[in-house]
Amino acid sequence: MTVGVHNPRLGGLRRHPVLSLAAALVVLAGVVFGARWTYDYFNRPALSCGSGMTAAGSPPACVGVNLESVPFTKAEPERMQKLEEMIKTSNAAVKGPSSSVVLLLDLSPVADVDTLTYDSLYPNIEGAVTAVWRANNTAAYGSTPGVKLYLANMGSQYGAWKETVARIEKHAEAEHISAVVGLGQSTEETRQAAAAISAKLHIPVIGSTVTGNSMNLDPTDPAGKRLITDMFRVSPTNTDSVIAANQYVAGLRPAVSSLAVVADGVVGDDYTATLAAEAKVRLQAPNRTVTVLPYTSPKSLPSGSGRKAYLINQFNLMHANLCQAQPSIVYFAGRGRDLGAFVENWVQGSPCGITQLHILAGDDASEAIHDDAVLKGVASGRVAVAYTALASPDQWGTACPGSDAKHNYDQFWAAYTGRPDPCTSQRLTTQGDAAALAFDPADLANGQAMLTHDATVAAISAARQDSAGLKNPGLETGILHQFYCAQMLPGASGWLSFGTDGNPVGKPAPVVEIQPDGKTKTVSLTWPNSAPNLSLPQRGGTGAPGC
């Protein structure tokens, strides 16, 4: 306002002191409210976590056991939230005595930092949900007690495993937690978590996709030989995976005379370390040259720092040595999420006389079945990619009635999809009016839903075999050790039988090819540590593996 110009509104306020005071208070209130809003906005809690969890990490995520089925992150995908809501509804429907199974994973992966994605997590959760649904609504695995499922998050790169184990321990008695399943990847953090759960809670820890050879060894043992007392797993080990790969390679024609092992040397990753160590030895054969080409993936990178770009630089330098080796097969002993960087570098690199590079990898390559760089590489014809899977939806074939193992899978498939059994055309008979599940069969491609289902089934079966288990879940480790020989459990990935070390006995390892459209195709079904194990032992037969 120009000096000396009269403002009649201000003059009116001066003539009415009450109005002047009211106006001043309004202005003051606005200033105070604005300051408070500004403070709250910039200092608001990063994340609101439900009971059983606390915020940790950067970016922040809720870690611990999710008792209320709330989101783990502020930007959590809608599909993840729907699964959480489904679990909440299922748990609320359980009345009377119950036991609980905890699915423990990294449930808040950070893009370009973690070597897993939300898309790879969903099948794990769906598999566990299917096992609990079958336990509560069909006669497949008994009927009582009822079963609840809780998700537990160790955070990005499993960095908050200590906090998560502490939260599980705090709520174990009140929630009747009888077992922990899942674990995720074979890292030092997940091994520490498994050992801590065994030492503190004395309940079974059943790995679903944990394949690293050392994952069941107690990290507190200086000699590195003592087993984690309560640990089991339903997936073949890395030793089995490489044996399966060698069986497959040995059957190729013309015979493989030159093979290169691309080996990740990162510290603290039991999967890549033991896979590479086994490959260097077990892929040796008469009249075959094996060349080892090392690289090192980043142990830890902040969000957005470019893991793929970091690796492309290394693979670019490796290119000339790979060309010189002229391998018939490249065995990729690294994380599946890094396979895209390797393929992209090869496809875009200088040609060197190899028309099509044949790549064979370990089971973690399931993370690459939707990787754009991998799919474009396969479509170009410059590469062919296969891997030894832990399970595959077409591993049992399509013939009806098929083997007993196929019948077990078909029953799982019918529960998972809510559709009729593909061989009998009958829908599953349920107890009561439980709504059917309706998961997409396409989510079975990486096999992880099958394995997490099987790990959860083993946990539920142990809890239901011992009436004292509700009061003393520690007794269930002894029950799990009885699932061997003729007392096998029917699983989606094969019959479940455990050796004295908690490792599976008589499990197959399918070799799977990745197609240009992201679909997978089983090209071979190998049996690394037994003869084919398709049925329960019959009278007069030779018995099951481990007998």
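Scroll up to find the structure this text is about.
Since the model is a prediction, treat every value here as computed from it, not as a measurement.

**Student:** Explain the packing of helix α3 (residues 78-92) against helix α4 (residues 118-137) to me, please; I cannot follow it from the model alone.
**Tutor:** Angle between the axes and distance between the axes: these two values describe a pair of packed helices. As a packed pair, α3 and α4 sit with axes 11 Å apart at the nearest point and diverge in direction by 15°. Between α3 and α4, the angle is such that the two are roughly parallel. Helix-helix and strand crossings are classified by hand; for α3 and α4 the assignment is left-handed. In this structure, α3 uses R79, M80, L83, M86, I87 and S90 to contact α4, whose residues at the interface are Y118, Y122, I125, E126, V129 and V132.

**Student:** How do you make sense of the side chain of T138 when you look at a structure like this?
**Tutor:** With respect to the helices, strands and loops of the structure, T138 is situated in the loop between α4 and β4 (146-153). On the accessibility criterion, T138 (6% relative accessible area) is buried. A distance of 2.7 Å separates a polar atom in the side chain of T138 from the backbone oxygen of R134. Contact partners of T138, with chain neighbours within four places excluded, come to W133, T429, T430 and Q431.

**Student:** Any chance you could explain helix α13 (residues 448-465) here in plain terms?
**Tutor:** Residues separated by three or four positions in an α-helix point in the same direction, a consequence of the helix having 3.6 residues per turn. In a regular helix each residue adds 1.5 Å, so 18 residues correspond to 26 Å; α13 covers 26 Å between its end C-alpha atoms and thus fits that length. With 17 of 18 residues buried, α13 lies mostly within the body of the structure.

**Student:** What am I meant to see in the pairing of strand β2 (residues 61-66) here?
**Tutor:** Two faces make up the sheet, and in a regular strand the side chains alternate between them. For β2, the tally of buried residues reaches six of six residues, placing the bulk of the element in the interior. Where strand β1 (residues 53-56) meets β2, four bridges bridge the pair, whose relative direction is antiparallel. Looking at β2, one finds that T54 is bridged to V63. The turn joining β1 and β2, which pair antiparallel and follow one another in sequence, is formed by four residues; a positive phi near 85° is taken by G57.

**Student:** Please explain the state of the cysteines as it appears in this structure.
**Tutor:** Think of a disulfide as a covalent bridge from one cysteine sulfur atom to another cysteine sulfur atom. For the structure shown, the criterion picks out three disulfides. Covalently, C49 is tied to C62 through a disulfide, its sulfur atoms 2.1 Å apart. An S-S torsion of about -95° defines the bridge between C49 and C62 as left-handed. With C49 in the loop between α2 (17-43) and β1 and C62 in strand β2, the pair connects residues that are 13 residues apart, well separated along the chain. A relative accessible area of 23% places C49 in the partly exposed class. Judged by its relative accessible area of 0%, C62 falls in the buried class.

**Student:** How do you make sense of the packing of aromatic side chains when you look at a structure like this?
**Tutor:** Both the distance between ring centres and the angle between the ring planes are used here to describe each pair of aromatic rings. Scanning the model with the defined rule gives ten aromatic pairs in all. Their ring planes at 25° and their centres at 6.1 Å tell us that Y295 and F332 sit as a pair that is stacked. Here Y295, found in strand β9 (residues 289-295), pairs with F332, found in strand β10 (residues 329-333); they are 37 residues apart in sequence, far enough to count as distant. F332 matches Y295 in its accessibility class, with the two residues each being buried. Among the aromatic residues, those joined into a cluster by ring pairs are Y295, F315, F332 and F342.

**Student:** How do you make sense of the sheet that holds β4 when you look at a structure like this?
**Tutor:** Paired through their backbone hydrogen bonds, the strands of a sheet run either parallel or antiparallel. If you walk across this open sheet you meet the seven strands as β1-β2-β4-β3-β5-β6-β7, and the pairing is mixed. Bordering the open sheet on either side are β1 and β7 (231-233), each of which pairs with just one other strand. Put simply, the sheet's adjacent strands are angled 25° from each other on average, direction ignored. Where β2 lies against β4, three bridges are found, and the strand directions are antiparallel. Within the sheet, the bridge partner assigned to G64 lies in β4 and is N153. Those strands touched by helix α5 (residues 161-171) are β1, β2, β3 (98-105), β4 and β5 (177-182), and its axis lies near 30° from that of β2.

**Student:** Mind showing me how you'd approach helix α10 (residues 339-348) here?
**Tutor:** For α10, the tally of buried residues reaches seven of ten residues, placing the bulk of the element in the interior. Packing partners of the buried residues in α10 comprise β8 (258-264), α9 (307-325), β10, β11 (357-361), α11 (372-380) and β12 (383-388).

**Student:** Would you mind going over the sheet that holds strand β14 (residues 520-526) with me for this structure?
**Tutor:** Strand order in this open sheet of seven strands is β9-β8-β10-β11-β12-β13-β14, and the pairing throughout is mixed. Unpaired on one side and paired on the other, β9 and β14 mark the two borders of the sheet. Sheet twist, expressed as the mean angle between neighbouring strand axes with direction ignored, is 25°. When β11 meets β12, the two strands line up parallel, connected through five bridges. When the sheet's bridge partners are listed, L357 is paired in β12 with V383. Along the sheet, helix α8 (residues 270-282) makes contact with β8, β9 and β10, crossing β10 at roughly 150°. With respect to the sheet, α9 is in contact with β8, β9, β10 and β11, its orientation differing from that of β9 by roughly 165°.

Criteria and cut-off values
Residues numbered from 1 in each chain as written. Predicted model: local features only at pLDDT ≥ 70, side-chain atom pairs only at ≥ 80, totals over all residues. Heavy atoms only, no water. Axes fitted to C-alpha atoms, helices over the stretch in contact; angles between N-to-C directions. Helix = DSSP H or I, 4+ residues; strand = E, 2+ residues; numbered from the N terminus. Parallel < 35°, antiparallel > 145°, perpendicular 65-115°, else oblique. Left-handed = near helix turned anticlockwise from the far one by under 90°. Contact = heavy atoms within 4.5 Å. Buried < 20%, exposed > 50% of the residue type's maximum accessible area, 1.4 Å probe, protein only. Polar contact = N/O pair within 3.5 Å; in protein donor to acceptor, adjacent residues only side chain to side chain. Expected span 1.5 Å × (residues − 1). Pairing = 2+ DSSP bridges. Disulfide = S-S within 2.5 Å. Phe/Tyr/Trp six-rings, centres within 6.5 Å; stacked < 30°, edge-to-face > 60°.

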